Amino acid sequence: MPSPRVALVSLGCKVNQNELEAMKHLFREAGYEIVPFSQKADVYVVHTCTVTHISDRKSRQYIRRARRANPDAVVAVTGCYAQVAPGEVMSIPGVDVIIGTRDRRQLVELVEKARREGITVNAVRPHEAGEAFEELPLVEVSRARAFLKIQEGCEEFCTYCIVPYARGPFRSRAPEAVLKEVQRLVAAGYLEIVLTGVHTGAYGRDLPGGPDLAGLLRQIVQIPGLKRLRISSIDPLDFTPDLKEVLTGEEIICPHYHIPLQSGDDEILRRMGRRYDARYYLDLIASLRARRPRAAFTSDVMVGFPGETEEQFQNTMRVVKEAGLAAIHVFPYSPRRGTPAAAMPDQVDPAVKKERERRLLQLGRKLSRQYAREFLQETMEVLVERALAGRPGVFEGHTGNYLQVAFPAAVDPTGSLVAVRLEELRGSLIWGKLVQDVNAGRQENGPGRRIDSIGG
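Residues numbered from 1 in each chain as written. Predicted model: local features only at pLDDT ≥ 70, side-chain atom pairs only at ≥ 80, totals over all residues. Heavy atoms only, no water.

**Notes on the pairing of strand S9 (residues 192-197)**
Next, step 1: Along S9, 6 of the 6 residues are buried, which leaves the element largely enclosed by surrounding structure.
Next, step 2: Across 6 bridges, the pairing between strand S7 (residues 145-152) and S9 is parallel. If you follow arginine 145 over to S9, its bridge partner there is glutamate 192.
Next, step 3: Pairing of S9 with strand S10 (residues 228-231), which is carried by 4 bridges, proceeds in the parallel orientation. Counterpart to leucine 195 in the pairing with S10 is isoleucine 231.
Next, step 4: As for the winding sense of the linkage, the β-α-β connection from S9 through helix H8 (residues 213-220) to S10 is right-handed. (Buried < 20%, exposed > 50% of the residue type's maximum accessible area, 1.4 Å probe, protein only. Helix = DSSP H or I, 4+ residues; strand = E, 2+ residues; numbered from the N terminus. Pairing = 2+ DSSP bridges. Right-handed = clockwise from strand over helix to strand, strands pointing away.)

Here is the structure:
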């Protein structure tokens, strides 16, 4: 008998994407063949997001697409949308299995039950205080870098955000388990490890006597053979003096800090439930930049929060510019049912939100190009991630400070660190020239060519 085929798709954040890779591993272990979502399969898995109403809509579209692709297939729905709106998801024709943001290890078993017995299974359970971190198999998603989830859940309850309801309370992965995984990845040849979480900076708050994020990082950087360590996102209020010291003092930690701003207006921040003001944010950036002058600072910014005036939006533009951010992710505010902001008066007109998004994105592109130009004509280390689509013989990757670089090479260098001279900025991509011959280990400018530090 041929192996059953399963097609999986994920929407939303990197945490979701990494969880999907773990689910693929569970299906492989059970003897399934993984196929693209566009192909006919026996099982379809839609790993949903609910951070905006658009995410909900896309999730529903994928569910319906699966049912059309094979009316006889089992359709399983997992993730945040399934967790917060199980009844809504179950009402979509063709859904056979629904499981939220816990108990994912049971997914294959529940799918098999639905296939065998022809029944509908709703396995969504609410999150509970004291719930343990769910260990899922770690699967590397590229030849270059591996993502390691160290924390789950959020308890901040910002007024606009559905995530605490979808992901539940803080759960930290045991430090011993984190260190063991890092050692395994290093031994497997991975040069960069990215630590991820829903509220990564809260790591350890639920571990009696355990390390906080700074303590965990100090242990990780001691692991022999680790070349790069990157942290996905840290909230402004999580930067303790000890965390600042380790983030800026350890060369292995990439000089790239993603620190969500959300708004540059103090009144909007207060109404969002963000417990800092614009001056605190700017001072934080300045203090980190003083320690590591050429580091990249990136951020998330929301436009069109209820009641946001043009003047308040201009305050956000000013703070983004003053912070000298190297890149920003811009999100128009999306009302989420059950959150306080959804019931606030003065909801901003969608056309106004769209226009503010356009203007902020334009500023973000300008700042990104401005930051990238600072490194032209320098030679930097690039972690090669893949071949550049549509360009045979050209490869792309990122520097430690997350500049995206493309360069031609005669030999595929994917998965290695190479020296590249950055020569020209085209759009958001820097084109460069390979300095080191990765095949023979030679360098064009002779031995001893120094790779300029970007960290300070």
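**Re the nonpolar core**
Next, step 1: Counting residues in hydrophobic clusters, the biggest one holds 52 residues, and the most contacted among them are Leu217 and Leu360.
Next, step 2: Not counting chain neighbours up to four residues away, the residues in contact with leucine 360 comprise Val301, Val303, Phe313, Thr316, Met317, Val320, Ile328 and Val330.
Next, step 3: Counting residues in hydrophobic clusters, the runner-up holds 22 residues, among them Leu11, Phe37, Val46 and Ile63. (Core = buried A, V, L, I, M, F, W, Y, C linked by side-chain atoms within 4.5 Å. Contact = heavy atoms within 4.5 Å.)

**A word on the sheet that holds strand S15 (residues 394-398)**
The pairing of strands in a sheet happens through backbone hydrogen bonds and is either parallel or antiparallel.
Next, step 1: Overall, mixed pairing links the 5 strands, which are arranged S14-S15-S16-S18-S17 in a closed barrel. Each neighbouring strand pair of the sheet contributes to a mean axis angle of 55°, computed without reference to strand direction.
Next, step 2: Judged from the 6 bridges that link them, strand S17 (residues 417-426) and strand S18 (residues 429-434) form a sheet pairing that is antiparallel. Opposite leucine 425, over in S18, you have isoleucine 430 as the bridge partner. (Axes fitted to C-alpha atoms, helices over the stretch in contact; angles between N-to-C directions.)

**Description of the packing of aromatic side chains**
Next, step 1: Tallied over the entire structure, the rule returns 9 aromatic pairs.
Next, step 2: Between tyrosine 160 and phenylalanine 305 the ring centres are 6.4 Å apart and the planes differ by 85°, which places this aromatic pair in the edge-to-face class. A residue pair is termed long-range when its members are at least 10 positions apart, and tyrosine 160 in the loop between S7 and helix H6 (163-167) and phenylalanine 305 in the loop between strand S12 (296-303) and helix H12 (310-323) qualify at 145 residues. When sorted by exposure, tyrosine 160 lands in the same class as phenylalanine 305, which is buried.
Next, step 3: Cluster of aromatic residues (ring-pair linked, three or more members): Phe37, Tyr44 and Tyr62.
Next, step 4: Residue placement shows arginine 65 over the ring face of tyrosine 62; its charged tip is 4.5 Å from the ring centre.
Next, step 5: Here the guanidinium or amino end of arginine 426 rests over the ring plane of tryptophan 431, the centre of that ring lying 4.4 Å away. (Phe/Tyr/Trp six-rings, centres within 6.5 Å; stacked < 30°, edge-to-face > 60°. Lys NZ or Arg CZ within 6 Å of the ring centre and 35° of its normal.)

**Focus on unusual backbone geometry**
Next, step 1: Positive phi, close to 65°, is recorded for aspartate 103, a residue that is not glycine.
Next, step 2: Following the sequence through the fold, aspartate 103 ends up in the loop between strand S5 (97-98) and helix H5 (107-117).
Next, step 3: A positive phi angle is found at tyrosine 402, which is not glycine, with a value near 65°.
Next, step 4: Turning to its location among the elements, tyrosine 402 is positioned in the loop between S15 and strand S16 (404-408).
Next, step 5: Assessed through its relative accessible area of 33%, tyrosine 402 is described here as partly exposed.

**Describing the pattern of salt bridges**
Next, step 1: A full pass over the atoms with the stated rule returns 41 salt bridges.
Next, step 2: Arginine 5 is the partner of glutamate 33 in a salt bridge, and the nearest nitrogen-oxygen pair spans 4.0 Å. Here glutamate 33 is found in strand S2 (residues 33-35), whereas its partner arginine 5 is found in strand S1 (residues 5-10), with 28 residues between them in sequence.
Next, step 3: What makes glutamate 33 partly exposed here is its relative accessible area of 37%.
Next, step 4: Its salt-bridge partner being glutamate 19, residue arginine 167 comes within 2.7 Å of it at the nearest N-O pair. A residue pair is termed long-range when its members are at least 10 positions apart, and arginine 167 in helix H6 and glutamate 19 in helix H1 (residues 14-29) qualify at 148 residues.
Next, step 5: On the basis of relative accessibility, which here comes to 3%, the residue arginine 167 falls in the buried class.
Next, step 6: Here glutamate 19 falls in the buried class, since its relative accessible area comes to 3%.
Next, step 7: Salt bridges here are not isolated pairs; linked through shared partners, they connect Arg145, Glu192, Arg228, Arg230, Glu385, Arg386 and Glu396. (Salt bridge = Lys/Arg side-chain N within 4 Å of Asp/Glu carboxyl O.)

**Quick look at H8**
Next, step 1: Taken across its 8 residues, H8 has 6 buried, putting it largely inside the fold.
Next, step 2: Three or more residues of H8 are buried, namely Leu213, Ala214, Gly215, Leu216, Leu217 and Ile220.
Next, step 3: Check the buried side of H8 and you find it contacts S7, helix H7 (175-187), S9, S10 and helix H9 (241-249).
Next, step 4: Capping of H8 at its N-terminal end is provided by aspartate 212; its side-chain oxygen lies 3.3 Å from the backbone amide nitrogen of alanine 214. (Polar contact = N/O pair within 3.5 Å; in protein donor to acceptor, adjacent residues only side chain to side chain.)

**Some points on helix H11 (residues 278-291)**
Next, step 1: In this model H11 runs 21 Å from its N-terminal to its C-terminal C-alpha over 14 residues, within 8% of the 20 Å that 1.5 Å per residue would give.
Next, step 2: Buried-residue contacts for H11 involve H9, helix H10 (266-272), S12 and H12. (Expected span 1.5 Å × (residues − 1).)

**Considering the packing of H12 against helix H13 (residues 350-373)**
Next, step 1: Put simply, H12 and H13 touch, their axes get as near as 11 Å, and they point 15° apart. Considering their axes alone, H12 and H13 lie roughly parallel with respect to each other. As H12 runs across H13, the sense of the crossing is right-handed. Within the contact between the two elements, H12 uses Glu310, Phe313, Gln314, Thr316, Met317, Val320 and Lys321 and H13 uses Arg356, Arg359, Leu360, Leu363 and Leu367.
Next, step 2: Taken together, the residues of the contact of H12 with H13 break down into 6 nonpolar, 2 polar and 4 charged. (Parallel < 35°, antiparallel > 145°, perpendicular 65-115°, else oblique. Left-handed = near helix turned anticlockwise from the far one by under 90°. Nonpolar A, V, L, I, M, F, W, Y, C, P; charged D, E, K, R; others polar.)

**A short note on the state of the cysteines**
Next, step 1: In total, this model carries 0 disulfides according to the counting rule given.
Next, step 2: Here cysteine 49 stays unpaired: no disulfide links it, and the sulfur of cysteine 80, its closest cysteine neighbor, is 6.3 Å away.
Next, step 3: Relative accessible area serves as the criterion here: at 9%, cysteine 49 is assigned to the buried category.
Next, step 4: We note that cysteine 161 lacks a disulfide partner, and the nearest cysteine sulfur, in cysteine 158, lies 6.2 Å from it. (Disulfide = S-S within 2.5 Å.)

**Regarding the side chain of arginine 171**
Next, step 1: In this fold, arginine 171 is placed in strand S8 (residues 171-172).
Next, step 2: Note on arginine 171: relative accessible area 2%, which makes it buried.
Next, step 3: A polar atom in the side chain of arginine 171 sits 2.5 Å from the backbone oxygen of arginine 167.
Next, step 4: Filtering out sequence-adjacent residues up to four positions away, arginine 171 remains in contact with Thr101, His127, Glu131, Ala132, Phe133, Ile150, Gln151, Glu152, Gly153 and Asp206.

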